[in-house]
Amino acid sequence: MHMATPRYRPSDPVDFLIVGAGAAGGVLARELSVKGFRVVVLEQGPYLREKDFRHDEVDQTYRYALVNDPRIQPQTFRSRESEPSTRHYTVQYGRMVGGGITHFTGNFWRFHEIDFVEASRRGTVAGTGLADWPITYQDLEPWYTKAEWDMGVSGEAGTSPFDPPHSKPYPLPPMPLNSCGALTQLGARKLGWHAFPAPLAILSRPYQGRSGCIECGFCEGFGCEVRAKSTTLATMIPEAEATGRCEIRPDSYVRRIATDRQGRATGAIYFDRHRREVFQRAKAVIVCANGAETPRLLLMSASSQFPDGLANSSGLVGKYLLFNGYSVAGGLFEHEVNGHRGFHLSHTIHDFYELDPSVGLSGGGGLEFRFDAYPIFFAQAQLPPDAPRWGAEFKRLLGQYYTHSVIAETHTTTLPLETNTITLDPTLKDDWGLPAMRVTYSDHENDLKLMTWMQDRSVELLDAAGAVRRWRAPLDNSSFAQHLLGTCRMGDDPKTSVTDKSHRAHDVPNLFICSGASFVTGGRGQPTETICALAFRAADEIVKLARSGALGA
Amino acid sequence: MHRADLSRRRFLADASRGLPSAWLALRLPDLARMHHHLTQQPVPAWGAPGRWLFFTDPQAVEVEAMAAQILPSHDGPGAREARCIRFVDFGLAKFWPEDRPAFRTGLRQLSADVRAKYPGYTRFSRLEPNWQYEMMSAMEGSAFFEMVRTYTLAGFLCNPEYGGNAGRVGWKHIGFEDRFSYRPPFGWYDRDENRPS
C-alpha cells in the first residue's frame with residue numbers, strides 16, 4: 001500500500017537530506033526511509049517516468065535529454081595545471097531522478113578482491129596515489145548480494161573462473177545468448193580464454209512485479225520503458241516513496257551545503273525549478289552527486305570556517321579523479337550479427353582482470369564484443385578509420401557494416417593521480433551564475449599502455465572469432481567520461497582521505513559522501529554495482545550511527 | 001517537447017497481431033497499461049512538405065546538393081529521398097540555434113568558392129556533379145563540411161517524425177528496424193545450428 005508522498009517544509013529539519021537521486025542516492029533514500037527516517041532527496045534533473053522514455057536517438061544524443069546539457073552547464077578542460085583551460089564537454093552524467101543508472105548499459109560487475117587491495121598486493125606505482133581501500137571485498141560482499149537481490153540481476157555466478165566468492169547466486173538466469181556473445185565465446189575458446197554470461201542489471205524474467213526484458217535494443221543511453229532495467233528509478237525510488245517518509249524533489253539544483261558555527265551541516269541551499277533559492281534544513285546531509293558534482297558542491301560550500309571548501313582539511317576534495325580506461329576495435333563478419341536486435345552484449349571475458357606480472361603493467365581489465373551503436377552514431381563514427389566518410393562507397397559500407405560488425409570493447413583500470421582534478425573555473429559561470437566545473441585530466445603512461453595492451457587482446461579475439469576484416473579505433477588521451485570516480489576518497493587517515501569508512505566526512509560529523517566519489521580505485525571499468533553496494537553498506541552504517549546518537553541533535 | 005514514436009505503434013501492432021504476444025504477455029505483466037500509454041501519444045505533424053522553417057529556398061537547394069554528395073542516390077535512396085534537408089531545416093529552426101551562424105557563413109563562403117573556382121557560376125547546386133565532388137573533397141574536414149555531414153547523417157537515420165528518414169529509407173539501407181521487441185536468434189552466429197558443439 002502506497003502512502004502519500006510527504007511534502008516537507010524547508011524549515012522542517014528532516015532526518016536526512018540527500019543530494020542526488022542516482023545509483024547511490026536512490027539506494028540510500030530507500031534504505032533510510034524504510035528504516036523510519038524522514039528523508040528529502042534533492043535532484044537537479046527532472047522526474048521522468050517510463051512513459052517519458054523514447055527510442056529517439058536525436059533527443060537522447062544530440063539534445064541531452066537525460067544528461068547534463070553543456071549549453072547551460074558549461075565546463076572547461078585542461079590536461080595539466082600548467083595549461084590554460086578551454087571550454088569543453090568532458091564530464092557527462094545522468095541528470096534526472098535515477099541519475100546515470102537510468103540510462104547505463106546494465107553491466108553489473110562486482111569488484112574483485114584485488115580491486116580493494118591492489119596497492120598492498122601488487123605494489124604501488126611511484127608518483128601515483130594508488131592505495132588500499134579501508135574496506136575489503138569481504139566487507140562489501142553482503143551488500144553486493146543485497147544489491148543483486150533487491151534490484152534484480154541476471155547472470156550465473158561462478159561461471160567465470162576469475163569470479164570472486166558469491167554468498168548467493170544471482171536471482172535471475174543469464175540474458176539470452178546473442179551473436180556478439182556467440183562470437184566472444186568462439187574466439188575465447190580458440191584462445192583458451194573464458195567467456196561467461198555477463199552479469200546484468202536487466203531482468204531476464206519478470207521479477208518483483210517488474211517486466212522481463214523484451215529485447216528492444218535501446219539500453220545504453222536510454223531509459224527502459226518497461227522497467228526491465230534494474231535502475232534505482234524502477235526499484236529503490238518507488239519503494240522509498242511508498243514508505244510515506246521520503247520526498248523526492250526534482251529540478252532542485254543545490255548550490256551550497258550550509259553549516260553552523262559548530263561546523264555541523266544544517267541543510268542545503270538550492271535553486272528550485274523557478275530558480276528561486278530555497279534552504280532545506282536537515283539533521284544530516286548525504287552527498288550522492290557522483291565524482292564530479294560532489295567535489296564541485298563541496299568546493300562551492302567554502303566559508304570562513306572552511307576556507308578551502310567543506311570537508312577539505314586534507315586538501316583532497318576533487319583530487320584523484322578517476323575515469324575508467326577503455327579501448328575500441330571493430331570487426332566485420334561474413335554473416336549477420338544484428339547486434340542492434342536486443343541487448344548489446346551477452347558474454348564477457350575476465351581472463352585479464354589481474355595481469356601476469358610478466359606483462360609489467362599495473363591493473364587489468366575485461367573485454368567483450370558488443371554492438372551498442374545506434375544508427376546515427378554508427379554512421380558518424382563507427383566505420384573503420386580508413387573508410388571513406390562520404391560518397392557512394394561510404395554509403396555502401398553503411399549498408400554492409402551495420403548488420404555484420406561487432407565492436408570489441410575493453411574496460412581497464414586507471415591509476416589515481418593527485419593532479420587529475422575537479423576544481424571551480426575561476427571565470428566561467430553556468431546559467432545559474434555558479435562557477436563552472438573545471439576538469440584537469442591526463443592519463444598515466446601505465447594506463448595508456450594498458451589500453452593498448454588490452455586492445456591487442458581484443459584484436460586477437462576478433463581474429464580468433466573469424467573476423468573477415470578488423471580495425472582499431474585510435475587511442476587518445478581521455479577527454480570525455482561518464483564514469484566519474486574518486487574525488488572524495490574514503491580512508492582511515494583524515495590526512496589522506498575525505499571520509500572514513502562509514503562514509504562520514506572526517507571534518508563534519510553529520511555530513512556523508514557516498515557515490516563514485518568515494519572510490520579509492522576505479523575497478524575494471526564497470527563501477528555501478530559497487531556504487532550501489534557502497535550505498536547499501538553506507539545506509540547500514542549511517543543507521544547505526546543515528547540510532548547510537550552519534551550524529552548529535 | 002516530446003514526440004510520438006511511431007515505432008511504438010508498430011510494436012503494439014505486432015503484439016496485437018499475436019506475433020510474439022504470448023511471449024510478450026509472459027514477460028510484460030503490464031502490457032495493458034503500456035498499450036494504453038503508447039496509444040495515447042499525439043500524432044506528430046512535423047516534416048510535412050511545405051515552407052522552410054529556417055532556410056531560404058536557395059539555401060535549402062545548396063545544402064541539399066551537398067547532402068546528396070554525402071549520401072548519393074544512384075544506387076538506392078540517398079539524402080534526397082530521405083528528405084534529409086527537412087531534418088536539417090527543422091533542427092536549425094527548433095533545436096540547435098547555436099549552429100545557425102555557421103550555416104549562414106558556410107553557405108556564403110561556399111558561394112564565394114564556387115565563383116572563384118568556376119567563373120560564371122554562383123551556386124554549388126548548379127555545378128556539374130564531378131565539379132561538386134571535387135569541391136566536396138577540398139572541403140572535407142572543414143567545420144562547415146563536418147556540420148553538413150553530421151546533420152545529413154542524422155537526417156538520414158533519425159526517427160521519421162523529425163522529417164528526415166522519409167519512408168524509413170535510411171534505416172532500411174543499413175538494416176535497422178525499430179521493432180521494439182526481438183527474440184532469439186538475433187543473428188546468424190547465435191543460431192543453434194551454427195554454433196560449435
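Use the structure listed above.
Summary of the structure given here. Not measured: the values here are computed from a predicted model. (Residues numbered from 1 in each chain as written. Chains lettered and ligands numbered in written order. Predicted model: local features only at pLDDT ≥ 70, side-chain atom pairs only at ≥ 80, totals over all residues.)

Things to note about the overall build of chain A
As a reminder, the rule being used: Strands here mean DSSP runs of E at least two residues long; helices mean DSSP runs of H or I at least four residues long; both are numbered from the N terminus. With C-beta atoms placed from the backbone, a residue is labelled by how many other C-beta atoms lie within 10 Å of its own: buried for 20 or more, exposed for 12 or fewer, partly exposed between the two. Each residue is represented by a C-beta atom placed from its backbone, and any two residues with such atoms within 7 Å are regarded as in contact.
A tally of regular secondary structure across chain A gives eleven helices and 18 strands. Each of the three principal axes of chain A carries a C-alpha extent, and together these read 70 × 55 × 50 Å. Looking at the 553 residues of chain A, the share that counts as buried comes to 60%. Contacts in chain A between residues at least 24 apart in sequence constitute 74% of all its contacts with a sequence separation of at least 6.

Overview of the sheet that holds strand β2 (residues 39-42) of chain A
Residues and elements named next belong to chain A. Rules: A strand pair is defined by DSSP finding two or more bridges across the two strands. Inter-axis angles, ranging from 0 to 180 degrees, are taken between N-to-C directions of lines fitted to C-alpha atoms, where helices are fitted over the stretch in contact.
Reading across from one edge, β6-β2-β1-β10-β18 is the order of the five strands in this open sheet, with parallel pairing throughout. Both outer strands of the open sheet, β6 (246-249) and β18 (511-513), are each paired with one neighbouring strand and no more. Each adjacent strand pair in this sheet contributes to an overall mean axis angle of 15°, direction not counted. As paired elements, strand β1 (residues 16-19) and β2 share four bridges and run parallel to each other. The residue of β2 that forms the bridge with Ile 18 is Val 41.

Points about the environment of Leu 183 of chain A
Within the fold, Leu 183 of chain A resides in helix α5 (residues 179-191). Judged by C-beta crowding, with 29 C-beta atoms within 10 Å, Leu 183 of chain A ranks as buried. When the C-alpha positions of Leu 183 of chain A and Tyr 401 of chain A are compared, they lie 16 Å apart, and in sequence the two are 218 residues distant. Leu 183 of chain A has contacts with Phe 333, Phe 369, Val 406 and Ala 465 of chain A together with Tyr 189 of chain B, leaving out every residue within four places of it along the chain.

Topic: the interface of chain B and chain A
Rule in force here: Three classes are used, and their members are as follows: Ala, Val, Leu, Ile, Met, Phe, Trp, Tyr, Cys and Pro are nonpolar, Asp, Glu, Lys and Arg are charged, and the others, Gly among them, are polar.
Facing 46 residues of chain B, the contacting portion of chain A comprises 45 residues. Going through the elements one at a time, α2 (21-27), α3 (31-39), α4 (57-70), α9 (143-157) and α10 (169-174) of chain B are the ones with two or more residues in the side of chain B that touches chain A. Of the residues in the side of chain B that touches chain A, the class split is 24 nonpolar, eleven polar and eleven charged.

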